[in-house]
Amino acid sequence: MHNKGLIKLFAILFGLVSIYQLSFTFIASNVENKAEAYAERQISESEENFTQKRALAAEKYLDSVGQNPIFAGITYDTAKDKELNKGLDLKGGINVILQISVEDLLRGLANNSKDPAFNQALAEAQEARKNSQDSYLELFFEAFEAKDGANLASPDVFGTKALSDEINFEMTNSQVRPVINRKIDESITSAFEVLRERIDKFGVTQPNIQRLGDSGRILIELPGAKDISRIQNLLQSTAQLEFWDVYKANEFSEFLVTADAIVAENMKSETEKTENQETQSTDQEEETSDEDDLEELLSTEENAEEDLSRSNPLLSLVLSAGQPQGPVIAYFAVKDTAKVNSYLAMPQVKSQLPSDKKYAEFVWGKPPKNEETIGLYALKGNRNNEPDMSGAVVTDAQQTYDQVGRVAVSMQMDGRGAKIWEDMTGKASAEGSQIAIVLDNLVYSAPGVSSGAITGGRSEITGDFTLEEAQDLANVLRAGKLPASADIVQSEIVGPSLGQEAIDSGVLSFAIALIFVLLYMIFYYGRAGLYADIALVVNILFIFGVLSGLGAVLTLPGIAGIVLTIGMSVDANVLIFERIREELAKGKTQAEAISDGFKNALSSILDANITTGLTGLILFTFGTGPIKGFATTLLIGIVTSLFCAIFLTRLFIAGGGKKGKSLPFSTAITQNWFLNIDINFLKKRKVAYIISAVAIIISIGSLATKGLNQGVDFVGGRSYVVRFDQTINPTEVESILIENLQSVEAKTYGTSNQLKITTNYKIEEEGTVIDDEIQAILFNDLQAYLPNGITLSEFKVGDSGLDKEYGIMSSIKVNPTIADDIKTAAYYAIFGSLFVVFLYILIRFKRWQFSLGAVSAVIHDVIIVLGLFSLLYDVLPFSLEIDQAFIAAILTVIGYSLNDTVVVFDRIREFFNERPNWKMNKLINLAVSSTISRTINTSLTTLVVLVAIFIFGGDSIRGFMFALIVGVIVGTYSSVFIATPVMFDSVKKKGIDLTDKKIEDPEGEVSL
């Protein structure tokens, strides 16, 4: 091998760089361990909420030592920024996809146009989006332009004053489209930057935020985040700050009485209408027992309340009236707000507003924390529903304290805002009125002004804030408002306890798999196996070093990808060693055998890794979150494995066998294994065809009748992993939850005290309110199965201490629209990989018959894996859901199957070149027989690795690993009994020459 010195230098430098990159992780981890130990010494377990207190103490410790040099000038803060990123499933936290409302953006650009065609097109696009892969904007253009005379440049649509510099009335629709496209893109970019600034100020370490194409979606990953509810509110708040004059309570007291009477009359009419439709029986006599009399007496109070709600439906909901000169009209229960809104929105009620108040807007106040009452305000609206001043004038905001020490938010306005604010406060002071400060349609405060006009543009928001709420409010005001609403269409939340369990299980599976592989290589190949092990350990160092250097995220599937890479690295070494053994058997010297073995194995190694790499690239392109992490480690592993197998292993072997030293490539036990194998595989192909046909028919039959257990990734919904302190019956839980959640599925998830509960209840509705509602339903309905004393806060996902043992450990939410997109992307990924592989093999082997054989084997493998998942999903004690992880498994199976098939095809092509006069069937049988040792060794080591992960790797990837185990078994079988026979049957009758040289078989035929 040439350039040994250069390869040694590169390997040493690469190793040193990897160690340097990983040193940050070790330093940060060491300091954090010291912080935890310090917190444990400071806070006793006997203290209330000791886990939260310990977390706070550890955080303070880290803050205090953050800038202290630790090693070679590296501080903890520096190390933390550069450490190996852990994904959501290893660290806990939240991963969300936000959908910026393109509909809101279009309405804004059109100045909230009332044009019927415009608004109808918006509604049609929203409906079409549910079943289309086109963007909302494209669907809007199509719907709008389908209408007669529709003109985007119309002054009633986008030909507004604000867009007059770019759109004029003479422009065609095709000319307006690019302008609107650009404006929408600029708005989404603005939203992206606003969200980035909010997250940066929130203080989460190693956040990841990125735009997803041109869909208007933004991916946000916050590993390690704990206060999940706070983060969700922070992300979705549009920060739409407005300042309004507000009416006094006494101005609406008469209106409430009038509205109450109208609602009561309306309800009475509806009741009478219903009663008239019922038939009454006067002949039937009722016997009243003493028990009936008692029940009637007991229900008197309830009946009285019911009568009151009928006679005074609105006023009966008033808990207390507001101060006559104050801004709050009345106080109501939070649970009654929807009912009050419906009453006030009735046309008959709105028509009773006096002419000078006909534009009044009823808005709720910010509900006080841990209280059930909420105030109702009436803003002084106008024809255009525009506030007197918007939050666009705010230039800075800080969390402060007011004069009596309450938490507040101080704001500074620009010059224009300062002038408007001076006018507004001067008017309020003269009239003795208040100004409502409204954020996202909630009144945060409505202060009066008693000291005259406020100059200078400084103002203050007070209210029932916690310190964190005030900090978040100042954060979003400083970062600016979102240009449109942002809805969470997909989310995954993992509690920190579950993350730590995933780390423990991942490390255990990794260690077991690695130890087995290292020992097996030494057992089978002796000292040569030891050299391969050294190269393998260096390979692992390289992988982690590259991951850390690139800032990539390590996930549990990523660890699985690394372990799978170990199997692939072993495969390359097995290919090399088996070829060296063949060369030694031919009587060549050790040096010649090593040289020829590496040279002859190179083609198979490259082909196998390239085909696997192609599927990895497709997976990386279409995957998200942990699946992208799997693809990342797989791709990095392929590159580093090739370098270590081809160069490092050869360096070690060359060194071990130099100066005439003997270097055996087997042990006394294994030296005669798999020698002189000559099996007529082609003769058995008809039996194999029958076996495979039966398996495929059963699989397709099950897929057609029973179907697949599709996860929320593909159908939409919410899924929760809930852990109890006792064995739990899934059927029993389903029957309890079905009443309130309407549609629910519960399955044992891992251990017998843990369930995966899935529901599509209110999945079309957005917002954290629905998430909170569902978690409250789970908490209330499952009280009997939960530990005594557990609170709702402790039960909810991500909102409790680090040592959480019971409650919701993780949750996933997928909106139906994005679920459809995920499913479509999965189809593209699978069929795209099949096409790419067919094309690569066609180019590489120059015969379509090879491509046909390879793709036939892959389709065979995929159908059987799908069939098994269909047959067994309600039988096996672990989840066999079809989700993104399963698609990753299918693509990996495709890659592995191709890996095996390409190795066999490479040997067939090689034999055709070496023995052009042999009959085809003899050549193929000999070629396949010569690869048996490699196939068994590689498949065995890979299977043991996968089984180790399957058993010890954690519940979240058990179904993923099951698919890989089945895929490896079926893929090994299909490369020999499907791919090769299909290729043979497609060429045998034509006598096609498969050699690189154009040498014809003199016998002119192929026979068995």
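Residues numbered from 1 in each chain as written. Predicted model: local features only at pLDDT ≥ 70, side-chain atom pairs only at ≥ 80, totals over all residues. Heavy atoms only, no water.

Tracing the backbone through its elements, the reader meets Tyr401 in strand S13 (residues 394-401). Along the primary structure Tyr401 and Ala470 are separated by 69 residues, whereas in three dimensions their C-alpha atoms are 9.8 Å apart. When sequence neighbours within four positions are dropped, the list of residues in contact with Tyr401 reads Arg406, Val407, Ala408, Glu460 and Leu467. (Helix = DSSP H or I, 4+ residues; strand = E, 2+ residues; numbered from the N terminus. Contact = heavy atoms within 4.5 Å.)

Take the packing of aromatic side chains next. Centre-to-centre distance and the angle between the planes together describe a pair of aromatic rings. Enumeration according to the criterion identifies 29 aromatic pairs in this entry. Ring centres of Tyr524 and Tyr525 lie 4.7 Å apart, and the angle between their planes is 65 degrees; on these two criteria the pair is classed as edge-to-face. Tyr525 gets classed as buried once you look at its relative accessible area, which sits at 0%. Seen in terms of ring centroids, Phe681 and Phe977 are 5.9 Å apart; in terms of plane orientation they differ by 65 degrees. Their pairing is edge-to-face. On the criterion of sequence distance, the pair formed by Phe681 in the loop between helix H21 (626-656) and helix H22 (685-705) and Phe977 in helix H32 (residues 958-987) is long-range, its members being 296 residues apart. Residue classification places Phe681 among the buried residues on the basis of a relative accessible area of 8%. Here the aromatic residues Phe516, Tyr520, Phe523, Tyr524, Tyr525 and Phe577 are joined through ring pairs into a cluster of three or more. Just above the ring of Tyr873 sits the side chain of Lys706; from NZ or CZ to the centre is 4.8 Å. (Phe/Tyr/Trp six-rings, centres within 6.5 Å; stacked < 30°, edge-to-face > 60°. Buried < 20%, exposed > 50% of the residue type's maximum accessible area, 1.4 Å probe, protein only. Lys NZ or Arg CZ within 6 Å of the ring centre and 35° of its normal.)

The eight strands are arranged S5-S6-S4-S18-S23-S20-S22-S21 in an open sheet whose pairing can be described as antiparallel. What marks the edges here is a single partner per strand, and that holds for strand S5 (208-212) and strand S21 (744-749). Recorded for the sheet is a direction-independent mean angle of 20 degrees between the axes of neighbouring strands. For strand S20 (residues 717-723) and strand S23 (residues 807-814), the ladder comprises seven bridges, and the chain directions are antiparallel. Bridged to Arg723 within S23 is Gly807. (Pairing = 2+ DSSP bridges. Axes fitted to C-alpha atoms, helices over the stretch in contact; angles between N-to-C directions.)

Turning to unusual backbone geometry, a few remarks are in order. For residues other than glycine, phi is negative in most cases, and the peptide bonds are mostly trans. Even without a glycine there, the phi angle at Asn111 is positive, about 55 degrees. Its place among the elements puts Asn111 in the loop between helix H5 (102-109) and helix H6 (116-128). The backbone phi angle of Asn112 is positive, close to 50 degrees, even though this residue is not glycine. Within the fold, Asn112 resides in the loop between H5 and H6. By relative accessible area, Asn112 is classed as partly exposed at 49%.

By size, the foremost hydrophobic cluster in this structure holds 124 residues, and its most contacted members are Phe577, Ile841 and Ile924. No other element matches the 17 residues that helix H29 (residues 884-914) contributes to this core. Contact partners of Ile841, with chain neighbours within four places excluded, come to Lys846, Phe850, Ser851, Ala854, Leu898 and Val902. Counting residues in each nonpolar core, the second largest holds 75 residues, with Ile180, Ile199, Val733 and Ile774 among its members. (Core = buried A, V, L, I, M, F, W, Y, C linked by side-chain atoms within 4.5 Å.)

Attention now goes to empty space enclosed by the protein. Taken as a whole, this structure holds six cavities of 30 Å³ or more when the rule is applied. Here the largest cavity is characterised by a volume of approximately 120 Å³. Residue lining of the largest cavity: 16 residues in total, with Gln232, Ile493, Asp771, Gln775 and Ser811 positioned closest to the centre. The class makeup of the residues in the lining of the largest cavity is five nonpolar, five polar and six charged. In this model, the second largest cavity occupies a volume close to 70 Å³. For the second largest cavity, the full set of lining residues is Leu575, Glu578, Arg579, Glu582, Ser604, Val903, Arg907, Ser930, Thr931 and Arg934. No other element matches helix H19 (residues 556-585), which puts four residues into the lining of the second largest cavity. Broken down by class, the residue content of the lining of the second largest cavity amounts to two nonpolar, three polar and five charged. (1 Å grid on protein atoms, 1.4 Å probe; cavity = no way out; pocket = protein on both sides within 12 Å on 5 of 7 lines; lining within 4 Å. Points joined across faces, edges and corners; volume = space filled by probe spheres on them. Nonpolar A, V, L, I, M, F, W, Y, C, P; charged D, E, K, R; others polar.)

A few words now on the confidence of the model for the protein. In this model, the protein carries a mean pLDDT of 79, and residues with pLDDT of at least 70 account for 86%. When pLDDT is averaged over each element of the protein, H22 comes out on top at 92 and helix H11 (residues 290-298) at the bottom at 43. This stretch, residues 279-302, has a pLDDT under 50; its non-local contacts, to residues over four places away or in other chains, come to two contacts. Contacts for the low-pLDDT stretch residues 997-1008, under 50 throughout, to residues beyond four places or in other chains number 23 contacts. (pLDDT = per-residue confidence, 0-100.)

Here Asp260 shows up in helix H10 (residues 253-277). No salt bridge forms around the buried Asp260; measuring N to O, its nearest opposite-charge neighbour Lys339 is 11 Å away. Leaving out residues up to four positions away in the same chain, Asp260 has contacts with Ser311, Asn312, Pro313, Leu314 and Leu315. (Lys, Arg positive; Asp, Glu negative; His and termini not counted. Salt bridge = Lys/Arg side-chain N within 4 Å of Asp/Glu carboxyl O.)

It is worth spelling out the pairing of strand S7 (residues 241-246) at this point. Burial within S7 is extensive, with six of its six residues counted as buried. On S7, burial covers both faces: Leu241, Phe243 and Asp245 on one face and Glu242, Trp244 and Val246 on the other are all buried. The pairing of S7 with strand S15 (residues 434-439) spans six bridges and is classified as antiparallel. Within S15, the residue paired with Glu242 across the bridge is Val438. Pairing geometry for S7 and strand S12 (residues 389-390), over two bridges, is antiparallel. By the bridge assignment, Glu242 is partnered in S12 with Ser390.

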